Amino acid sequence: MARRQQEKSMETHDELRASAVHLFGEKGFNATTISEITDHAGYAKGNFYRYWKSKDDLFLSIMEEKYQLYRARRVDSLDQAASMDDVIEVIIDFLEQILDDGKWAKVFLEFTIHAAGNDEVRSELNKSFYRLSSDLFAGIVEPHRENPTYPSKNLGGIVTALFEGFLIQILLGSTVIDKEDLRQAIRTLVLHIDNA
């Protein structure tokens, strides 16, 4: 009996989460309500709060899982990287995976902007498993830098700023620059700073 209840609880959790993934992808973060998530999944609103304390909490769990999937895809490539140029290509490919994930790049950006107005959510979002943080970037590139004069952490911050700026351009519907422009800008900047 207890095992069946546990299975039912996990099924409810998964169906609510799947509903949220669908609705966030379709409508965006801000336009999706908890009531819509529970209605879409066929559950009462109270079921939501058995698993998450807020819509922010749910979104962060979805975001963490998506980023873990993106990162898992780059592990082998990083292991095979023999130079800083190789590592930068892996990082750019990782960023492009986010861009290519349907509407999710925009939803991630929307949530990032939302988090800027909430100290608790902003603090949680700045943890490295949610973003290409400066610390995470530094850990990836540091073994491949020969004579670094510019801090790897700062370099990571610049790459993240370029990427998030590009996301803003996409959100605004700008077509002035494309993914190849972003790729070239990151590669040029990082390799120039690394060789300076």
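Quick note: structure is the one above.
Figured I'd write up the structure that's included with this text. Keep in mind the model is a prediction, meaning the values are calculated, not measured.

**Describing helix 1 (residues 2-27)**
Then comes step 1: Helix length check: helix 1 (26 residues) gives 37 Å between terminal C-alpha atoms against 38 Å at 1.5 Å per residue, within 8%.
Then comes step 2: Buried within helix 1 we find Thr12, His13, Leu16, Arg17, Ser19, Ala20, Leu23, Phe24 and Gly25.
Then comes step 3: Tucked inside the fold, the buried residues of helix 1 contact helix 2 (34-41), helix 3 (45-48), helix 4 (55-80) and helix 6 (104-115).
Then comes step 4: Backbone geometry just downstream of helix 1 places glycine 28 in the positive-phi region, at approximately 95°.

**Notes on the pattern of salt bridges**
Then comes step 1: In this structure the tally under the stated criterion is twelve salt bridges.
Then comes step 2: Where arginine 183 meets aspartate 93, a salt bridge forms, and the shortest distance between an N and an O atom there is 2.5 Å. Here the residue arginine 183 occupies a position in helix 10 (residues 179-195), and aspartate 93 occupies one in helix 5 (residues 84-99), the gap between them amounting to 90 residues.
Then comes step 3: Among the charged side chains, a salt-bridge network with shared partners connects Glu89, Asp93, Glu96, Arg183 and Arg187.

**Description of the packing of aromatic side chains**
Then comes step 1: For the structure shown, the criterion picks out 15 aromatic pairs.
Then comes step 2: Geometrically, the ring pair formed by tyrosine 67 and phenylalanine 108 is tilted, given 5.2 Å between the ring centres and 50° between the ring planes. Of this pair, tyrosine 67 sits in helix 4 while phenylalanine 108 sits in helix 6, and the two are 41 residues apart along the sequence.
Then comes step 3: Since its relative accessible area comes to 2%, phenylalanine 108 is described here as buried.

**A closer look at the nonpolar core**
Then comes step 1: Counting 51 residues, the largest nonpolar core has Phe24, Phe59 and Ile88 as its most contacted members.
Then comes step 2: Among the elements that make up this core, the one with the highest residue count is helix 5 (nine residues).
Then comes step 3: Setting aside anything within four residues of it in sequence, one finds phenylalanine 59 in contact with Phe24, Phe29, Trp104, Val107, Phe108 and Phe111.

**Describing the packing of helix 4 against helix 5**
Then comes step 1: Closest axis-to-axis distance for the helix 4/helix 5 pair is 10 Å, and the angle between their directions is 155°. As judged from the angle between their axes, helix 4 and helix 5 are roughly antiparallel. Crossing geometry of helix 4 relative to helix 5 is assigned as right-handed. Across from Tyr67, Tyr70, Arg71, Arg73, Arg74, Ser77 and Leu78 in helix 4, the residues of helix 5 making contact are Val87, Val90, Phe94, Gln97 and Ile98.

**Description of the environment of leucine 172**
Then comes step 1: By the secondary structure assignment, leucine 172 is in the loop between helix 9 (152-171) and helix 10.
Then comes step 2: Classification of leucine 172 as exposed rests on a relative accessible area of 67%.
Then comes step 3: The spacing of leucine 172 and lysine 106 is 66 residues in sequence and 10.0 Å in space, taken between C-alpha atoms.

**What about the packing of helix 1 against helix 4?**
Then comes step 1: Helix 4 packs onto helix 1 with a crossing angle of 85° between their chain directions and a minimal axis gap of 11 Å. When the axes of helix 1 and helix 4 are compared, the pair comes out roughly perpendicular. Judged by residue contacts, Arg17, Ala20, Val21 and Phe24 of helix 1 engage Lys55, Leu58, Phe59, Ser61, Ile62 and Glu65 from helix 4.
Then comes step 2: In terms of residue class, the contact of helix 1 with helix 4 is built from six nonpolar, one polar and three charged.

**With respect to helix 5**
Then comes step 1: Between the first and last C-alpha of helix 5 there are 23 Å, a value that for 16 residues agrees with the 22 Å anticipated at 1.5 Å per step.
Then comes step 2: The buried fraction of helix 5 amounts to twelve of the 16 residues, a majority that puts the element mostly inside the structure.
Then comes step 3: Of all the residues in helix 5, the buried ones are Met84, Val87, Ile88, Val90, Ile91, Ile92, Phe94, Leu95, Glu96, Gln97, Ile98 and Leu99.
Then comes step 4: Elements that come into contact with the buried residues of helix 5 comprise helix 4, helix 6, helix 8 (134-141), helix 9 and helix 10.

The rules behind each value
- Residues numbered from 1 in each chain as written.
- Predicted model: local features only at pLDDT ≥ 70, side-chain atom pairs only at ≥ 80, totals over all residues.
- Heavy atoms only, no water.
- Helix = DSSP H or I, 4+ residues; strand = E, 2+ residues; numbered from the N terminus.
- Expected span 1.5 Å × (residues − 1).
- Buried < 20%, exposed > 50% of the residue type's maximum accessible area, 1.4 Å probe, protein only.
- Contact = heavy atoms within 4.5 Å.
- Salt bridge = Lys/Arg side-chain N within 4 Å of Asp/Glu carboxyl O.
- Phe/Tyr/Trp six-rings, centres within 6.5 Å; stacked < 30°, edge-to-face > 60°.
- Core = buried A, V, L, I, M, F, W, Y, C linked by side-chain atoms within 4.5 Å.
- Axes fitted to C-alpha atoms, helices over the stretch in contact; angles between N-to-C directions.
- Parallel < 35°, antiparallel > 145°, perpendicular 65-115°, else oblique.
- Left-handed = near helix turned anticlockwise from the far one by under 90°.
- Nonpolar A, V, L, I, M, F, W, Y, C, P; charged D, E, K, R; others polar.

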